[in-house]
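Given next are the chains, with one letter for each unit.
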Amino acid sequence: MPDRPFSPLELAEPAEAERISRQLLAAQLRYVRTASAFYRRKLGDGSGLSVENLAALPFTTKDELRKAQVADPPFGEIRAAAQADIVRLHVTSGTSGRPLAIGFTRADHELSCEIGARAYFSAGIRREDTVLHCLNYALYVGGLADHLSIERIGATMVPVGIGQTGRILDMWDDLRPTVVFCTPSYARHLAGAAHARGREPAALGLRLLVVGGEPGGDIPETRQVLQDTWGADVGDTYGLGEVWPTFAGQCEARDGLHISACGALWWELINPATGAPLPREPASQGEIVYTQLKRQATPLVRYRSGDVVQVLEHTCPCGRRTPRIRLLGRADSMFIVRGVNVFPQAVEAVLDQVAPGHGAFALLVEGQAPPPPIPLAVEVQQAPAGLASHIRSTVRSRLQFSCDVRLVAPGALGLATEHKSQRVFRTDLGQFPPGLVNLAGETR
Ligand SMILES: [Zn+2]
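Bear in mind that the values here come from a model prediction, so they are computed numbers and not experimental data.

About the thresholds
- Residues numbered from 1 in each chain as written.
- Predicted model: local features only at pLDDT ≥ 70, side-chain atom pairs only at ≥ 80, totals over all residues.
- Heavy atoms only, no water.
- Helix = DSSP H or I, 4+ residues; strand = E, 2+ residues; numbered from the N terminus.
- Buried < 20%, exposed > 50% of the residue type's maximum accessible area, 1.4 Å probe, protein only.
- Axes fitted to C-alpha atoms, helices over the stretch in contact; angles between N-to-C directions.
- Parallel < 35°, antiparallel > 145°, perpendicular 65-115°, else oblique.
- Left-handed = near helix turned anticlockwise from the far one by under 90°.
- Contact = heavy atoms within 4.5 Å.
- Nonpolar A, V, L, I, M, F, W, Y, C, P; charged D, E, K, R; others polar.
- Pairing = 2+ DSSP bridges.
- Polar contact = N/O pair within 3.5 Å; in protein donor to acceptor, adjacent residues only side chain to side chain.
- Phe/Tyr/Trp six-rings, centres within 6.5 Å; stacked < 30°, edge-to-face > 60°.
- Lys NZ or Arg CZ within 6 Å of the ring centre and 35° of its normal.
- Donors = N, O, S within 2.8 Å, 3.2 Å for Na, K, Ca; no water.
- Tetrahedral: all angles 85-135°; square planar, octahedral: opposite > 155°, others 65-115°.
- Domains from an automatic or database assignment.
- Buried area = accessible area lost by both parts, 1.4 Å probe.
- Salt bridge = Lys/Arg side-chain N within 4 Å of Asp/Glu carboxyl O.

**Here we look at unusual backbone geometry**
Of note, the amide linkage connecting P73 to P74 takes the cis form, showing an omega dihedral of 0 degrees. For P74, the location among the structural elements is in the loop between α3 (62-71) and β1 (86-91). Of note, the phi angle at K294 is positive, near 65 degrees, even though the residue is not glycine. Within the element layout of this structure, K294 appears in the loop between β12 (285-292) and β13 (303-311). Assessed through its relative accessible area of 43%, K294 is described here as partly exposed. Despite not being glycine, Q400 shows a phi value in the positive range, around 60 degrees. Mapping Q400 onto the fold places it in the loop between α10 (387-399) and β19 (403-408). Judged by its relative accessible area of 53%, Q400 is exposed.

Here it is as structure tokens:
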């Protein structure tokens, strides 16, 4: 019998949840139209401002937010609450340009904690746990906001942050953590550091690894590698700084992520190329677009997330009735080989299986629809005979495209290991991994 979810709202009948969300959406549209100069301009005189008409309203893009904030820092005309009512300012990680400033009123903060707590509870964290929180606390929502969400469950939080690998391994036996919360790449990094000290990660007594901040935790092969390495269960979570810090989490079924922001988020699905609406029904795939509900400080309407998702079946063995999605990847890291959409996460899943323990990798693509074979450079400790051709044949059979595999030494690509790293490089735009000299895979 699965545990009851953190909030009874997660058990609400979808039709009832939809009815309440529609009311909140109507109220939110009126609020942003009145309170935010940005939306007053964008939404015109407010005629046609209705839930039924939502798909006719303009999208909000990250670029627009950036421009508005450059013109009038920190929040720009997006700000919809009085400065005096804003109690916190975070910035986005800025992986795709100038970071965005995100504001929280006290009510926004409360709601953020509640939504996040539902997701982390769903991923498996309980009040009896001691959690090492190993995401960046500086500025970014993944630090403090996620910390407070997990603390809301009642777990014992240890605010570790980044750059503390040696210290936490030194103190491990004194802290006796049961959960580590970090990115999938940091989980690999920490395991490597433990090995280097002669300690077996699986013998460290971890019960659960909760990952977030980058994709991987919802890809079975990637999760399996982490599970085997740590001898622990692995649960994935998802959020976007500018929307809600964390608003989706896997449940014990470990199959897709439940959106935990019931009553605080409206979502749509669109064709990323044309912007046309797509049905929100099982098997549907498209870019997910968000409108927060009840958000006061920096509310967004029809915000293009850039994340491509697949909608999963509504019913789930865990009993939650909330929508379940699978993240396929970023619309801007997707490329198309002979009509097949390819995301770097899918390539990573192949590498996790065929070359476990691999390091960073880079796909070099010439344009959005590059001609095969696609150069794929992979950092590996050892390159046993046949590894490159095994990767090539598995990519071809599993992902239906041919690649040209170059195996290089660890660190040779010059990509960072402790944070999000780029995996697709548009050579036609002059993008290249810092350590790579040419397409033949020669390194500096
Ligand atoms: Zn579930």
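**Examining the packing of helix α4 (residues 106-123) against helix α5 (residues 144-153)**
Contact geometry for α4 and α5: axes closest at 7 Å, N-to-C directions at 65 degrees. Put simply, α4 runs roughly perpendicular to α5. For α4 against α5, the interelement crossing comes out right-handed. Here H109, E110, S112, C113, E114, G116, A117, Y120 and F121 of α4 lie close against α5, whose contacting residues are D146, L148, S149, I150, R152 and I153. Partitioned by chemical class, the residues of the contact of α4 with α5 number seven nonpolar, four polar and four charged.

**Let's talk about the sheet that holds strand β14 (residues 324-330)**
Taking strand neighbours across the sheet as the criterion, the twelve strands line up as β4-β3-β5-β6-β7-β8-β9-β14-β13-β12-β10-β11 in an open arrangement whose pairing is mixed. The strands lining the two open edges of the sheet, one partner per strand, are β4 (156-159) and β11 (277-278). Relative to strand β10 (residues 265-270), helix α1 (residues 14-35) is tilted by about 95 degrees, and along the sheet it contacts β10 and β12.

**Regarding the side chain of S284**
Secondary-structure assignment places S284 in the loop between β11 and β12. Engagement of the side chain of S284 in a polar contact is seen with the backbone oxygen of P279, the distance being 2.6 Å. Among residues more than four places away in sequence, those in contact with S284 are L269, L278, P279, V309, Q310 and V311.

**What to know about α5**
Among the residues making up α5, those that are buried are A145, D146, H147, S149, I150 and I153. Considering only its buried residues, α5 is in contact with β1, α4, β3 (130-133), β4, β5 (179-182) and β8 (244-249). At the exit of α5 stands G154, carrying a positive phi of roughly 110 degrees.

**Observations regarding the packing of aromatic side chains**
For the structure shown, the criterion picks out seven aromatic pairs. Ring centres of F6 and F121 lie 5.8 Å apart, and the angle between their planes is 55 degrees; on these two criteria the pair is classed as tilted. Here F6 is found in the segment before α1, whereas its partner F121 is found in helix α4, with 115 residues between them in sequence. You can call F6 partly exposed: its relative accessible area is 24%. The exposure class of F121 is buried, given its relative accessible area of 13%. Three or more aromatic residues joined by ring pairs form one cluster here, namely Y238, F247 and Y290. In this structure, R126 packs its charged tip against the face of F121, placed 3.6 Å from the ring centre.

**Overview of the coordination of the zinc ion**
Donor atoms from the polypeptide that coordinate the zinc ion comprise C251 (SG), H258 (NE2), C316 (SG) and C318 (SG), at 2.1 to 2.3 Å from the metal. For the zinc ion, the four donor atoms in the first shell make angles of 104 to 114 degrees at the metal, so the coordination geometry reads as tetrahedral. Each donor residue of the zinc ion belongs to the same chain, with the gaps between them written as C-x6-H-x57-C-x1-C. One end of the pair, C251, is in the loop between β8 and β9 (257-259); the other, C318, is in the loop between β13 and β14, with 67 residues separating them in the sequence. Here C251 and C318 have matching classes, each one buried.

**Some remarks on the domain arrangement of the protein chain**
When the domains of the protein chain are assigned, the result is domain 1 (1-330) and domain 2 (335-429). Contact with domain 1, which involves 20 residues of that partner, is made by twelve residues of domain 2. Summed over both sides, the interface of domain 1 with domain 2 buries roughly 1,500 Å², with 52% coming from carbon and sulfur. Taken together, the links from domain 1 to domain 2 amount to two salt bridges. Where E221 meets R398, a salt bridge forms, and the shortest distance between an N and an O atom there is 3.3 Å.

**A few points about the pairing of β12**
Among the eight residues that make up β12, seven are buried, leaving the element largely enclosed by the rest of the structure. In this sheet, β12 lies alongside β10 in antiparallel orientation, the contact comprising six bridges. Opposite L265, over in β12, you have Q292 as the bridge partner. In terms of strand pairing, β12 meets β13 through five bridges, oriented antiparallel.

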